[in-house]
Amino acid sequence: MTSTVPETTVPGRAPAPLSEVELSIGGMTCASCAARVEKKLNRMDGVAATVNFATGKAKVSYADGITVADLIATVEKTGYTAEEPPPPPSAAAEESAGETAPAADGELLILRQRLYVSLALTAPVVLMAMIPALQFDNWQWLSLTLAAPVVVWGAFPFHRAAWTNVRHGAATMDTLVSIGTLAALGWSVWALFFGHAGMPGMRHGFEFTVSRGDGSSSIYLEAAAGVTAFILAGRYLEARSKRKAGAALRALMELGARDVSVLRNGTEVRIPVSQLTVGDRFVVRPGEKVATDGTVVEGASAVDASMLTGESVPVDVTVGDAVTGATVNAGGRLVVEATRIGADTQLARMAKLVEDAQNGKAAVQRLADRISGVFVPAVIVIAVATFGVWLGATGDTVAAFTAAIAVLIIACPCALGLATPTALMVGTGRGAQLGILIKGPEVLESTRRVDTVVLDKTGTVTTGRMTLQDVYVAEGVDKDELLRLAGALEHASEHPIARAVAAGAVDRTGSLPVPENFENVAGLGVQGVIDGHAVLVGREKLLRDWAIELPAELAEAKAGAEAEGRTAVTVAWDGEARGVLTVADAVKETSAEAVAELRGLGLKPVLLTGDNQLVAESVAKAVGIDEVIAEVLPEDKVDVVKRLQSEGRTVAMVGDGVNDAAALATADLGLAMGTGTDAAIEAGDLTLVRGDLRVAADAIRLSRRTLSTIKSNLFWAFGYNVAAIPLAALGMLNPMIAGAAMAFSSVFVVTNSLRLRSFT
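Parameters and conventions
- Residues numbered from 1 in each chain as written.
- Predicted model: local features only at pLDDT ≥ 70, side-chain atom pairs only at ≥ 80, totals over all residues.
- Heavy atoms only, no water.
- Phe/Tyr/Trp six-rings, centres within 6.5 Å; stacked < 30°, edge-to-face > 60°.
- Helix = DSSP H or I, 4+ residues; strand = E, 2+ residues; numbered from the N terminus.
- Buried < 20%, exposed > 50% of the residue type's maximum accessible area, 1.4 Å probe, protein only.
- Pairing = 2+ DSSP bridges.
- Expected span 1.5 Å × (residues − 1).
- Axes fitted to C-alpha atoms, helices over the stretch in contact; angles between N-to-C directions.
- UniProt positions renumbered as here; feature names shortened; annotations may be inferred.
- pLDDT = per-residue confidence, 0-100.
- Contact = heavy atoms within 4.5 Å.
- Patch = residues over 30% accessible without salt bridge, like charges linked within 9 Å, V, L, I, M, F, W, Y side chains within 5 Å.
- Areas by Shrake-Rupley, 256 points an atom, 1.4 Å probe, with all protein chains shown as cover.
- Salt bridge = Lys/Arg side-chain N within 4 Å of Asp/Glu carboxyl O.
- Core = buried A, V, L, I, M, F, W, Y, C linked by side-chain atoms within 4.5 Å.
- Domains from an automatic or database assignment.

> Give a description of the packing of aromatic side chains that names residues and reports values.
According to the stated counting rule, one finds four aromatic pairs in the structure shown. Taking 4.6 Å as the distance between ring centres and 20° as the angle between the ring planes, the aromatic pair formed by W187 and F401 counts as stacked. Residue W187 is located in helix α6 (residues 173-194), and its partner F401 is located in helix α12 (residues 397-410); the two are separated by 214 residues in the primary sequence. For the pair shown, W187 and F401 are each scored as buried. Plain terms: the ring middles of W716 and F748 are 4.6 Å apart, the flat faces sit at 40° to each other, and that makes the pair tilted.

Pasting the structure below:
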């Protein structure tokens, strides 16, 4: 999967266009493996790479003159495999999704088989070693018979990876496990065949700490087999958890329809979605998925977008409305014209955003990667030093050997490599289910620091369309009659205010009569004849031109509405003023609740709009915002964000229009409403698929929770290694207990990340 990314400029060189590819890396078993691959790729001229252990992928940018084959060859020289993954889900994605999932399941099955056999063989070895009553004559030889397959076959993946790394002059976690288990088995074989441990009647007890004794009569079969079984168990649980962590993205990728009924010469033809082209018209029956993004050209229905946006209430659509691929038609038959296909659809773009975020690395993870890269060699040095110090201080080879093995086994830095990627996988996946797309891990850091949120008014806090608000009538006039006559006349006009009046009239009175002698009076309103009445609808000046004055109560209602920032429309017929209609860009029902939630997160809301001060203050008052910046030109929105930043504030911006894109990019955190323009979505750090402002608060809460999970994971991983290595070196841990603790640390980190799946 390759693409072209923007040019980069290096001082003294001409700009070079970069291409980008994502590679699936095979054979990585720990964070230090990922660090090695990343280091080797980044040493190539013109290459910038990020390797993610949890997802098993490398994201690589490379200059002209370098091919994907060169990148794959570099990875293979490092001792791992690399290949380009299948294309992202589009129409044909069902096949690729169906192929990759069984492959992952197959690897999990092999690991499970290896684990179960190893556990079955290890259990009696451990029990005999720990319970002297079970130690019959020659029990040690049965232990060898059971433990040897575990250490040789069960731990074979560790030995193979360790040998590969040795050939490339490197050491990883597998090196530690392989050396530790083989050394314990080798010592035991020597003691059995050449020492006193093989004598009939030999007995030995089990201690949680290092014990001194005669090396020729000490065996470590339970430690060798137990460590292998524990680490295999940790690997298996880790692999299962990682699969669960990526489940949300896989579910997102598999949402799309497989085939579609296309209209060809008036006849329905069933074809795979992959064969759809822009401009094709296709049929969506009740219960079917919309095959791709498009516009309704025939029919009316309700569309259920809950799987894609998390919005539980179906949305009504009719001719001219846009529909999104993978949503479900919950009502009548629709004919839709395709406007986007394949990788351009909202579903594919969502999946790409989520995948990119999961493949990224936060600053804290880069620190962990650097540490894990030097960690393994340092641990080997510490283990050798531990052996030397114990041997020099006590002269006890058995105790020295046991302490060194414990150091090797407990120090494996698996948890470090899993701390960030697993939390990111679960957090971004859960976000996708809720209609929140996080562009990358660096976004998480921004959400923690933000203290001010700038809200664009139109389309963000308000609906972005004019709607009928209030109806004031003169004495003796029926409201429904006023609406019927005014709505009928306005229905013939294309003006946004006229459309708002007509829509409100239809909602409240039903069908409207057809006007006669309709005339649009430029800048003033409309006039015509309806049911024998000469009707005027528009500005007060239009009525005055016909020598009609507003009565006091209507003039007062008009002035009050305009003071609140609403537009007043006067209505008259048969030479008398009959009423006043008020129209405004309606505040979304959920905006006040959203503002309260943002305040609850410690953010100060600011309303930003190009509208006049009166309108802005009216909207701000309705939703509970104190600070208003109004009458701002689109190009000046960036300056407002910069001014707030210069005051020491860390600014988040929420917007949806083309004129918001620059401000979204300038803000410390940009939140783009997914109902808005592509330019705004591209500029934002977080995309809110729904047009509900409450999702902005959810997005910040989810981002902060994900960051908190990453930090707690890293604290555990660092703290575990910092505390455990000295304990092992001081002889306070038996190697088998060390193996169990090491496996538990990885499982804990992944399980802690999985808690994000319950975020609501």
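> I'd like a rundown of the pairing of strand β26 (residues 669-673), residues and numbers included.
Side-chain positions along a regular strand alternate between the two faces of the sheet. Counting buried positions over the five residues of β26 gives five, a clear majority of the element. Every second residue of β26 is oriented toward a common face, with L669, L671 and M673 on one face and G670 and A672 on the other, all of them buried. Across four bridges, strand β25 (residues 651-655) lies against β26 in parallel orientation. When the bridges of β26 are listed, A652 appears paired with L669. Inspection of the sheet shows β26 paired to strand β27 (residues 686-688) by three bridges, in the parallel sense.

> Mind laying out helix α5 (residues 156-167), listing which residues take part and the relevant values?
Its twelve residues give α5 an end-to-end C-alpha distance of 16 Å, which sits within 8% of 16 Å, the value for a rise of 1.5 Å per residue. Trailing α5 by a residue or two, G169 shows a phi angle of about 65°, which is positive.

> Let's hear about the sheet that holds strand β17 (residues 462-473): which residues, and what values?
Spatial ordering of the open sheet is given by β17-β22-β21-β20-β19-β18, a layout of six strands whose pairing is antiparallel. Strand pairing shows two members of the sheet lacking a second neighbour, β17 and β18 (516-521), which therefore form its edges. Between one strand axis and the next, the sheet turns through 20° on average, direction left out of account. Here β17 pairs with strand β22 (residues 576-587) via eight bridges, running antiparallel. Residue pairing in the sheet places T467 in a bridge with A584 of β22.

> Which residues make up the UniProt feature "transmembrane region" (unreviewed entry) in the protein chain, and what values do they have?
Per the UniProt entry, the sites bearing "transmembrane region" (unreviewed entry) are residues 115-133, 139-156, 176-199, 219-237, 371-392, 398-420, 713-730 and 736-754 in this numbering. As a span, residues 115-133 carries 84% helix and 0% strand, and end to end its C-alpha atoms are 27 Å apart. Across residues 139-156 one finds 94% helix and 0% strand; the C-alpha atoms that close the span lie 25 Å apart.

> Report on the confidence of the model for the protein chain, specifying residues and quantitative values.
Residues at a pLDDT of 70 or more form 82% of the protein chain, whose mean pLDDT is 80. Taken as a whole, residues 4-15 scores under 50 in pLDDT and shows 13 contacts with residues more than four places along the chain or in a different chain.

> Can you break down a nonpolar patch on the surface residue by residue, with the values?
The grouping of L127, M130, I131 and L134 at the surface amounts to a nonpolar patch, some 320 Å² of accessible area in total. Along the polypeptide, I131 turns up in the loop between α3 (93-130) and α4 (139-154). I131 gets classed as partly exposed once you look at its relative accessible area, which sits at 36%.

> Kindly report on the pattern of salt bridges, identifying the contributing residues and their values.
Tallied over the full model, the rule gives 27 salt bridges. Through salt bridges with shared partners, one network takes in E540, R544, E549, K558 and E562.

> So what's going on with the pairing of strand β6 (residues 259-264)? Residues and values would help.
Here β6 pairs with strand β7 (residues 267-272) via six bridges, running antiparallel. If you follow L263 over to β7, its bridge partner there is E268. Linkage of β6 to β7, two consecutive antiparallel strands, is achieved through a turn of two residues, within which N265 is found at a positive phi near 55°. One ladder, built from two bridges, connects β6 with strand β8 (residues 281-284); its direction is antiparallel. Among the inter-strand pairings, V262 is bridged to a residue of β8, identified as F282.

> Outline the nonpolar core, listing residues and values.
With 47 residues, the main nonpolar core has I436, L455, L669, L671 and L686 as its most contacted residues. For this core, the element with the most residues is helix α25 (residues 694-729), which contributes nine residues. Looking at this core, you find at least three residues from each of domain 2 (105-246 + 358-422 + 710-758) and domain 4 (441-461 + 588-684). Ignoring any residue separated from it by four or fewer positions in sequence, one finds L455 in contact with V461, V595, L598, P605, V606, L607, L608, I625, V654 and L693. V125, V151, A171 and I405 belong to the second largest nonpolar core, which has 40 residues in total.

> Requested: an account of unusual backbone geometry, with residues and values cited.
Positive phi, normally seen in glycine, also occurs at N517, with a value near 50°. With respect to the helices, strands and loops of the structure, N517 is situated in strand β18.

> Pulling in residues and values, what's your account of the sheet that holds β26?
If you walk across this open sheet you meet the seven strands as β15-β27-β26-β25-β16-β23-β24, and the pairing is mixed. Either end of the sheet is taken by a strand with one partner, and the two such strands are β15 (436-438) and β24 (627-629). On average, each strand axis in the sheet is inclined to that of its neighbour by 20°, with strand direction left out of account. Direction of pairing for β15 relative to β27: antiparallel, over a ladder of three bridges. Bridge pairing links I438 to L686 in β27.

> Describe in detail the environment of L23, supporting the description with residues and values.
Structurally, the position occupied by L23 is in strand β2 (residues 16-26). Judged by relative accessible area, which is 0%, L23 ranks as buried. Linking L23 and I72, residues 49 residues apart in sequence, is a C-alpha distance of 8.1 Å.

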